[in-house]
There are 2 protein chains.
Amino acid sequence: MTSAYQQLAARFQRISRFSHLGAIAGWDMHTMMAPGGSQARGEALAELSVLQHELLTDSKLGQWLEAAAQEDLNDIERANLNEMKRAWQQATLLPASLVEAKSIAGSRCEHAWRQQRPANDWQGFAANLKDVVRLSREEAQLRAEANGTSRYDALLDLFEPGMTSAKLDITFGELKSWLPDLLQRVVAKQSQHPLVQPQGPFAIGAQRDLGLSIMKTLGFDFQHGRLDVSAHPFCGGVPEDVRITTRYKDDHFLSAMMGVIHETGHARYEQNLPKTWRGQPVALARSTAVHESQSLFMEMQLGRSREFLQFILPQVTTLLGAQPALEAENFIRLTQQVKPGFIRVDADELSYPAHVILRYEIERALIEGEIEVEDIPALWDEKMQQSLGLDTRGNYRDGPMQDIHWTDGAFGYFPTYTLGAIYAAQLFQSVELAIPQLRDLLVQGELGAVFDWLQQNIWQHGSRFPTDQLLRNATGNTLDTSCFRRHLERRYLQA
Amino acid sequence: MTSAYQQLAARFQRISRFSHLGAIAGWDMHTMMAPGGSQARGEALAELSVLQHELLTDSKLGQWLEAAAQEDLNDIERANLNEMKRAWQQATLLPASLVEAKSIAGSRCEHAWRQQRPANDWQGFAANLKDVVRLSREEAQLRAEANGTSRYDALLDLFEPGMTSAKLDITFGELKSWLPDLLQRVVAKQSQHPLVQPQGPFAIGAQRDLGLSIMKTLGFDFQHGRLDVSAHPFCGGVPEDVRITTRYKDDHFLSAMMGVIHETGHARYEQNLPKTWRGQPVALARSTAVHESQSLFMEMQLGRSREFLQFILPQVTTLLGAQPALEAENFIRLTQQVKPGFIRVDADELSYPAHVILRYEIERALIEGEIEVEDIPALWDEKMQQSLGLDTRGNYRDGPMQDIHWTDGAFGYFPTYTLGAIYAAQLFQSVELAIPQLRDLLVQGELGAVFDWLQQNIWQHGSRFPTDQLLRNATGNTLDTSCFRRHLERRYLQA
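Residues numbered from 1 in each chain as written. Chains lettered and ligands numbered in written order. Predicted model: local features only at pLDDT ≥ 70, side-chain atom pairs only at ≥ 80, totals over all residues. Heavy atoms only, no water.

An unreviewed UniProt entry annotates chain A as Metal-dependent carboxypeptidase originating from Candidatus Pantoea multigeneris. Check the Function (unreviewed entry) section of the UniProt entry for chain A; it says "Broad specificity carboxypetidase that releases amino acids sequentially from the C-terminus, including neutral, aromatic, polar and basic residues." (UniProt positions renumbered as here; feature names shortened; annotations may be inferred.)

Here you go:
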């Protein structure tokens, strides 16, 4: 006889296969789709959302979940059951009509954004965004009632289970207490070393080859993934075929290169999720924040370290040609340059948290109904002025229109970037303790021991443990901003 | 109250949206997918097949179909209902387990074929193909019992409704009665004109640009489609975003160029299917054979005509450079060269029917259980020797392993190529009658009137009429080999 757990496993296997199709169609939408395909794609993905919702909210699931809880399960099955329950609870809260409406509104807003952003068309964008916000508030309300939390906390829980705005306020408060001063000191310190800027053009083909070469160094498995181009870099696809993207400018190569390193961090996590449990919720990445810790481990902790930069420099000069800006010390300073700017994805690790905290404060207020879409630009201008001293008035394209998250209704996502940065610093410190000769290995591009540590401590566990426990098992501690602070001070003040 | 017809329309709309995802994932599988993604993709597509099958065989559909037949429907709705019924009948015949098994076996066979073909590994290929044949026979048996036809005819009906092997035997018999002699005379005639062969290399980028330029000339809508590369050229995607592919060799450009013209014929049909009925079965292409008539109209009737070749020659020399082989008369002779060879997709229009008739005879015998997979190579060798005088012994890669159709279990598909060639000749003759100044227009690349005629007579009708009626409305006649014969004699003997 088939146990309730087995019934559940079969159902989630099926859901996972449909997610596969959605992931590929979603990747295609951002990389390959002809413009005229947008509406049909949006409708097809919305139909898929409805199906996934049906499969997940089927009344049998509630019964199976209850019955399976009484069955004799091993630890992993138990963890899998918890994740199933979580997914089921999240889905049963939403009516199918809301799921479909949100998917359609998100697709429409995101597609129009592609033309609106270059045109700096805030009014056009805001009209679509209002729909997305309205539907996201409906969603948040339903989730909040069920969770007994605030509306925003209910969305936050989707991206980092267990996280609350109360905890974020403390964590972000800590950062706000020392980051602005540190930022100022670093900018002052760096101003003493004039930088030689790289002189382009850098052929897109050569930049792509450089990205592929670094991906190889970082252990990306090309049997199970590929690199393409999109307006906004992302990591998509499925663990068996991970699709990362970057974007190229021919007068500048560092942004595309670091984008590739960042997305490779995501990709390695995906590619190394537990294969034996594939198709089950427990085989998925722990959370968006933990995912980001992997990309930032690769980009910030490892990729921008003096040692790694020394190792990859010959690849850079071989493919792009030698020039004064690419002499070792200047190359390192370029890559570690701290310079507050408009664009979050191009931000250095010292100003990045300001971008996130600004978005967190705005989106929380938006979801809680304290502000409306029309209020965003003024708040944006005010906070950018306060935190980074930048004037963003009238520049929507490099302001609230620069990101893709709100267009898709992914409110609650932004804080995970900075949580990821903090986790990454904690993980890297543990790697340093575990591998005493680490710095020497990095200079030689010998990264095997680092990846083994990540495989052992993070990748192979999928969603087996809650984030707090995963982190405690790996580092001996839960969320803690001190490693992040130490890392920043060491790299930017003491080097 | 929602009518039964409306219920059906909503259901088929939903099915169409899932087909969209399958079409994109299928395209991706052949163009973009990392090798390691194959198994997961096969499983995901199989799961989708099962879903589509469930949606189509739902017991409510039978009731709705019966009720809708009594409702007050206009002509188009009535035609749509007929197509719905056809789809439902075809689907209800097959158990979900067979649908899934066939999809998985097809994916596995096709994926392994990518390595097996270059390795000429017939044994490895045959092992997978046997599974596909076994499942296709099961399918054919179930369909044959329901249709009251032979097993093979039941499969044929999937690709050209109403077509039978009795009719094919007559039609192919006619071709066999005059084609071998014509072929021989043309080869003898052409041997009097020595050809100058193009000297490569032809840069892939320039070949791609040439393809894009010709697609533009042929009216391909780039807002609703794109051109990529795959091992075997195909036209996929969805009407809103048609994906065509070709394959490039750097020492030869004609094959890729003609491939693009061919697939553009398919693409224009798809892009111009009736937009107001999108998502309904009546908005789909009439049949595989009619689809092929559109690609062959574009490739053989129009694309290889002296007039069109004169028009595109400047595009060719601009992009690939001038050389003796690309002087007008030699270029036309190259493109119209008749030379029996191993590869079907590279075959000229005089030897092409021999490739098709050979496959037809083999696959019919295979499905009817008269032969087994092991018997294919010997039959292949014998028939290729008979019809085209070629020795194929031991050369599996350019023999039965050259095509992708059998790997996917698409038995009954091959005859549609030659049916399409015959239809295309009939259509082109009608275009000539309708547009007296046609030859002058072609030389000037003024193709608007030709496309208007196709739009009026073929594209806009989708599946509104049976093939026979569609053809009779457009040309005044049903399937008739005389136009094809006249076309070939005029182009190859009288020019």
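### Re the relation of the copies chain B and chain A
After a rotation of 180° and a shift along the axis of 0.0 Å, chain B superposes on chain A with an RMSD of 0.0 Å. Within this description, the copies of the chain are treated as partners about a two-fold rotation axis. Here 100% of the contact residues of chain B are again contact residues in chain A; the copies associate through an equivalent surface. (Least-squares fit on C-alpha atoms with pLDDT ≥ 70 in both. Contact = heavy atoms within 4.5 Å.)

### A word on the sheet that holds strand β3 (residues 241-246) of chain A
Sheet strands associate in pairs through backbone hydrogen bonding, adopting either a parallel or an antiparallel arrangement. Residue and element names in this part refer to chain A. What the three strands build is an open sheet, ordered β1-β3-β2; its pairing is mixed. In this open sheet, the two edge strands, each paired with only one partner strand, are β1 (225-229) and β2 (235-238). Taking the axes of each pair of neighbouring strands and ignoring which way they run, one obtains an average angle of 25° across the sheet. Sheet analysis places β1 next to β3, joined by five bridges and oriented parallel. Bridge pairing links Val229 to Thr246 in β3. Contacting β1, β2 and β3, helix α1 (residues 4-31) runs over the sheet at an angle of about 30° to β1. (Pairing = 2+ DSSP bridges. Helix = DSSP H or I, 4+ residues; strand = E, 2+ residues; numbered from the N terminus. Axes fitted to C-alpha atoms, helices over the stretch in contact; angles between N-to-C directions.)

### So, the interface of chain B and chain A
Counting residues at the interface gives 35 residues for chain B and 35 residues for chain A. In this assembly, chain B packs against chain A so that about 3,000 Å² is buried in total across both faces, 57% of it on carbon and sulfur atoms. Among the residues of chain B in contact with chain A, B:Arg17, B:Leu21 and B:Glu47 are the three that bury the most area, contributing 21% of the side total. Where chain B meets chain A, there are 13 salt bridges. One salt bridge connects A:Arg17 with B:Glu100, and the closest N-O pair in it is separated by 4.0 Å. (Buried area = accessible area lost by both parts, 1.4 Å probe. Salt bridge = Lys/Arg side-chain N within 4 Å of Asp/Glu carboxyl O.)

### Looking at helix α14 (residues 352-367) of chain A
Residues and elements named next belong to chain A. For α14, which comprises 16 residues, the first-to-last C-alpha distance of 23 Å matches the rise-based estimate of 22 Å (1.5 Å per residue) to within 8%. Across the 16 residues of α14, 14 count as buried, placing the element largely inside the fold. In the stretch just after α14, Gly369 is the one whose phi turns positive, near 80°. (Expected span 1.5 Å × (residues − 1). Buried < 20%, exposed > 50% of the residue type's maximum accessible area, 1.4 Å probe, protein only.)

### Overview of the sheet that holds strand β3 (residues 241-246) of chain B
Residue and element names in this part refer to chain B. Here three strands make up an open sheet; going across it, the order is β1-β3-β2 and the pairing mixed. One side of each edge strand has no neighbouring strand; the edge strands of this open sheet are β1 (225-229) and β2 (235-238). Strand-to-strand twist across the sheet, computed as the mean angle between neighbouring axes with direction ignored, equals 25°. Where helix α10 (residues 254-271) meets the sheet, its contacts fall on β1, β2 and β3, and the angle it forms with β3 comes to roughly 165°.

### Some remarks on helix α5 (residues 96-116) of chain B
Residues and elements named next belong to chain B. The terminal C-alpha atoms of α5, which comprises 21 residues, lie 30 Å apart, in line with the 30 Å expected from a rise of 1.5 Å per residue. The complete set of buried residues in α5 reads Leu98, Val99, Lys102, Ser103, Ala105, Gly106, Ser107, Cys109, Glu110, His111, Trp113 and Gln116. Structurally, α5 contributes buried residues whose contacts are with α1 (4-31), α2 (38-57) and α6 (122-147).

### Side note on the packing of aromatic side chains
Evaluation of the coordinates by the stated rule reveals 32 aromatic pairs over all chains. Relative to A:Tyr360, the ring of A:Tyr152 has its centre 5.7 Å away and its plane inclined at 55°; by these criteria the two rings are tilted. A residue pair is termed long-range when its members are at least 10 positions apart, and A:Tyr152 in helix α7 (residues 151-159) and A:Tyr360 in helix α14 qualify at 208 residues. Per residue, the accessibility class of A:Tyr152 equals that of A:Tyr360, and both read buried. Through pairs of rings, three or more aromatic residues link up here, namely A:Phe159, A:Tyr352, A:Trp380, A:Trp406, A:Phe411, A:Tyr413, A:Phe414 and A:Tyr417. The cationic tip of A:Arg268 hangs over the ring face of A:Phe451; the distance from NZ or CZ to the ring centre is 4.5 Å. Note that B:Arg344 overlies the ring of B:Tyr417, its terminal NZ or CZ placed 4.4 Å from the centroid. (Phe/Tyr/Trp six-rings, centres within 6.5 Å; stacked < 30°, edge-to-face > 60°. Lys NZ or Arg CZ within 6 Å of the ring centre and 35° of its normal.)

### Considerations on the packing of α1(A) against α2(B)
Running from amino to carboxyl end, α1(A) crosses α2(B) at an angle of 105°, the nearest separation of the two axes being 9 Å. The orientation of α1(A) relative to α2(B) falls into the category roughly perpendicular. For the pair α1(A) and α2(B), contact is made by A:Arg14, A:Arg17, A:Phe18, A:His20, A:Leu21 and A:Ile24 and by B:Ala40, B:Arg41, B:Glu43, B:Ala44, B:Leu45, B:Glu47, B:Leu48, B:Val50, B:Leu51 and B:Glu54, respectively. The residue inventory of the contact of α1(A) with α2(B), partitioned by class, reads nine nonpolar, one polar and six charged. (Parallel < 35°, antiparallel > 145°, perpendicular 65-115°, else oblique. Nonpolar A, V, L, I, M, F, W, Y, C, P; charged D, E, K, R; others polar.)

### Regarding the domain arrangement of chain A
All names here are of chain A. The domain architecture assigned to chain A consists of domain 1 (4-158) and domain 2 (159-495). With centres defined by C-alpha atoms, the gap from domain 1 to domain 2 works out at 25 Å. Facing the 46 residues of domain 1 at the interface are 58 residues of domain 2. For the pair domain 1 and domain 2, the summed buried area comes to about 4,600 Å², and 61% of that belongs to carbon and sulfur atoms. Sorting the residues of domain 1 by area buried against domain 2 places Arg117, Trp122 and Tyr152 first, and these three jointly supply 18% of that buried surface. Here domain 1 is connected to domain 2 by four salt bridges. Summed over the shared surface of domain 1 and domain 2, the number is 25 residue pairs in polar contact (both at pLDDT 80 or more). Of all the elements in the fold, those that place two or more residues in the side of domain 1 that touches domain 2 are α1, α4 (75-92), α5 (96-119), α6 (122-147) and α7. Residues belonging to the side of domain 1 that touches domain 2 are distributed by class as follows: 23 nonpolar, 11 polar and 12 charged. (Domains from an automatic or database assignment. Polar contact = N/O pair within 3.5 Å; in protein donor to acceptor, adjacent residues only side chain to side chain.)

### So, the pairing of β2(B)
All names here are of chain B. In this structure, β2 lies alongside β3, joined through four bridges in antiparallel fashion. Residue pairing in the sheet places Cys235 in a bridge with Ile244 of β3. The loop that links β2 with its antiparallel partner β3 comprises two residues.

### Here we look at the confidence of the model for chain A
When pLDDT is averaged along chain A, the result is 96; 100% of the residues meet or exceed 70. Scoring of the predicted complex yields 0.91 for pTM and 0.91 for ipTM. (pLDDT = per-residue confidence, 0-100.)

### A look at the pattern of salt bridges
If you walk through the whole model with that rule in mind, you get 73 salt bridges over all chains. With its nearest N and O atoms 3.1 Å apart, the salt bridge here joins A:Arg364 to A:Asp169. With A:Arg364 in helix α14 and A:Asp169 in helix α8 (residues 165-190), this pair connects stretches of sequence that are 195 residues apart. The partly exposed category is assigned to A:Arg364, whose relative accessible area is 25%. A salt bridge links B:Lys60 to B:Asp58; the shortest N-O distance between them is 3.9 Å. The class of B:Asp58 is buried, set by a relative accessible area of 19%. Three or more residues joined by partner-sharing salt bridges are found here, namely A:Arg14, A:Arg17, B:Glu43, B:Glu47, B:Glu54 and B:Glu100.

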